[in-house]
Amino acid sequence: MRITVFTIFPELIEAACRPSILGAAIESGVLTVRTVDPRDYTEDRHRKVDDVPFGGGAGMVMMAPPIAAALDSALAAEPAGARKPRIVFLTPAGRPFQQDLARAWAREDSLFLVCGRYKGIDDRARREYATDEVSIGDYVLSGGELPALVVIDAVMRLLPGALGDFTSAEEDSIHSGLLEVPQYTRPREFRGERVPEVLLSGHHENIRRWRRRAALEVTYRRRPDLLERAELTSEDRMILEEIRARSGESD
Ligand code: ADE
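Please read all numbers here as calculations on a predicted model, not as lab measurements.

What counts, and at which threshold
Residues numbered from 1 in each chain as written. Predicted model: local features only at pLDDT ≥ 70, side-chain atom pairs only at ≥ 80, totals over all residues. Heavy atoms only, no water. Helix = DSSP H or I, 4+ residues; strand = E, 2+ residues; numbered from the N terminus. Rg over C-alpha atoms; globule rule 2.2 N^0.38 Å. Buried < 20%, exposed > 50% of the residue type's maximum accessible area, 1.4 Å probe, protein only. Contact = heavy atoms within 4.5 Å. Areas by Shrake-Rupley, 256 points an atom, 1.4 Å probe, with all protein chains shown as cover. Expected span 1.5 Å × (residues − 1). Axes fitted to C-alpha atoms, helices over the stretch in contact; angles between N-to-C directions. Left-handed = near helix turned anticlockwise from the far one by under 90°. Pairing = 2+ DSSP bridges. Domains from an automatic or database assignment. Near = heavy atom within 4 Å. Polar contact = N/O pair within 3.5 Å; in protein donor to acceptor, adjacent residues only side chain to side chain.

### Section: the overall build of the protein chain
- Helix and strand counts for the protein chain stand at nine helices and nine strands.
- The C-alpha atoms of the protein chain give 23 Å as radius of gyration, which overshoots the globular expectation for 251 residues (18 Å, by more than 25%).
- Within the protein chain, the fraction of its 251 residues that count as buried is 40%.
- Expressed as a percentage of contacts within the protein chain between residues at least 6 apart in sequence, the contacts between residues at least 24 apart total 72%.
- Counting every atom, the protein chain has about 15000 Å² of accessible surface; 51% of that belongs to carbon and sulfur.

### With respect to helix 3 (residues 64-76)
- Helix length check: helix 3 (13 residues) gives 18 Å between terminal C-alpha atoms against 18 Å at 1.5 Å per residue, within 8%.
- Three or more residues of helix 3 are buried, namely Ala64, Pro66, Ile67, Ala68, Ala70, Leu71 and Ala74.
- Its buried side turned inward, helix 3 meets strand 1 (2-6), strand 2 (32-36), strand 4 (61-62), strand 5 (86-96), strand 6 (110-115) and helix 5 (123-129).

### Observations concerning the packing of helix 1 (residues 10-17) against helix 6 (residues 145-156)
- As a packed pair, helix 1 and helix 6 sit with axes 10 Å apart at the nearest point and diverge in direction by 30°. In this structure, the crossing between helix 1 and helix 6 has a hand that is right-handed. Residues Leu12, Ile13, Ala16 and Cys17 of helix 1 pack against Glu145, Ala148 and Leu149 of helix 6.

### Section: the sheet that holds strand 7 (residues 132-135)
- Spatial strand order, 2-1-6-5-7: five strands in an open sheet with parallel pairing. The open sheet has two edge strands with one neighbour each: strand 2 and strand 7. Sheet twist, expressed as the average angle between the axes of neighbouring strands with direction ignored, equals 30°.
- In the sheet, strand 1 pairs with strand 6 via five bridges, with the strands oriented parallel. Directly across from Arg2, in strand 6, lies its bridge partner Ser110.
- This element, helix 3, spans strand 1, strand 2, strand 5 and strand 6 of the sheet and lies at about 170° to strand 6.

### A word on the domain arrangement of the protein chain
- According to the domain assignment, the protein chain contains domain 1 (2-165) and domain 2 (189-250).
- Between domain 1 and domain 2, the C-alpha centre-to-centre distance is 38 Å.

### Comments concerning the site of the ligand
- Surveying the vicinity of the ligand reveals the residues Leu90, Thr91, Pro92, Val134, Ser135, Ile136, Gly137, Tyr139, Val140, Leu141, Gly143 and Pro147.
- For the ligand, a nitrogen atom lies 3.1 Å from a polar atom in the backbone of Gly137.
- Against a free-state accessible area of 260 Å², the protein chains account for coverage of 96% of the ligand.
- Elements represented by at least two residues in the shell around the ligand include exactly strand 5 and strand 7.

### Structural notes on unusual backbone geometry
- For the bond from Arg186 to Pro187, the omega torsion is 0°, close enough to zero to count as cis.
- When you line up the elements, Pro187 lands in the loop between helix 6 and strand 8 (189-190).
- A positive phi angle, near 70°, is found at Ser20, a position not held by glycine.
- Tracing the chain through its elements places Ser20 in helix 2 (residues 20-27).
- Residues other than glycine seldom take positive phi values, yet Arg47 does so here, at roughly 55°.
- Within the secondary structure layout, Arg47 lies in the loop between strand 2 and strand 3 (50-51).

Okay, structure coming up:
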């Protein structure tokens, strides 16, 4: 997969892409991440990419022409016959970015991630180019670079071969719609707290059941909204009934 990030801070993206599993995925060729700086597509001496908003107000707005020229150039450089890239604008006004979108985008050949700065991007660029607009949460960041990295990381983990021997994305609880279960490693006892006995038992079926129950329980307590969309088996539903009944007793 190819990911192209449009940003006036390419070094932010490049630095974050070097270490860890993401760096290894890039190194192994599962994924390429490159940056395009709209400043390289300005026509003035000062490489100006922003200006004051029409109508007044604080802050600066990113101008449409440099972003448009950067996108046109990258679109023209896409391999002949390749599927059109998705052009994703990162903005707090976008649709919430969730696992289902990561899953859908992991099947694309090419993703363009467009990072705004300041007060955002001239709306005409958005209307002309954006195929998708996403937000990573209800808070305002100073630019789209961190959200772009969030998207890159979530998508990368789902690419075949990206995680190698590290772990399997299929095993992530959230992948099936539930929260992560508590995990433990050595030592077996820490400040008087012992690791749950079942995890030391070597009994795979009991461990699987314990983990599933723990995932259902933590999701029920913290994010009951997720249970409505989760893929639940009839065994899960029975366990949930028990958890509900027990928490009713303790209320
Ligand atoms: N740009 C600024 N804040 C953002 C957010 N929460 N999500 C996506 N892009 C953003």
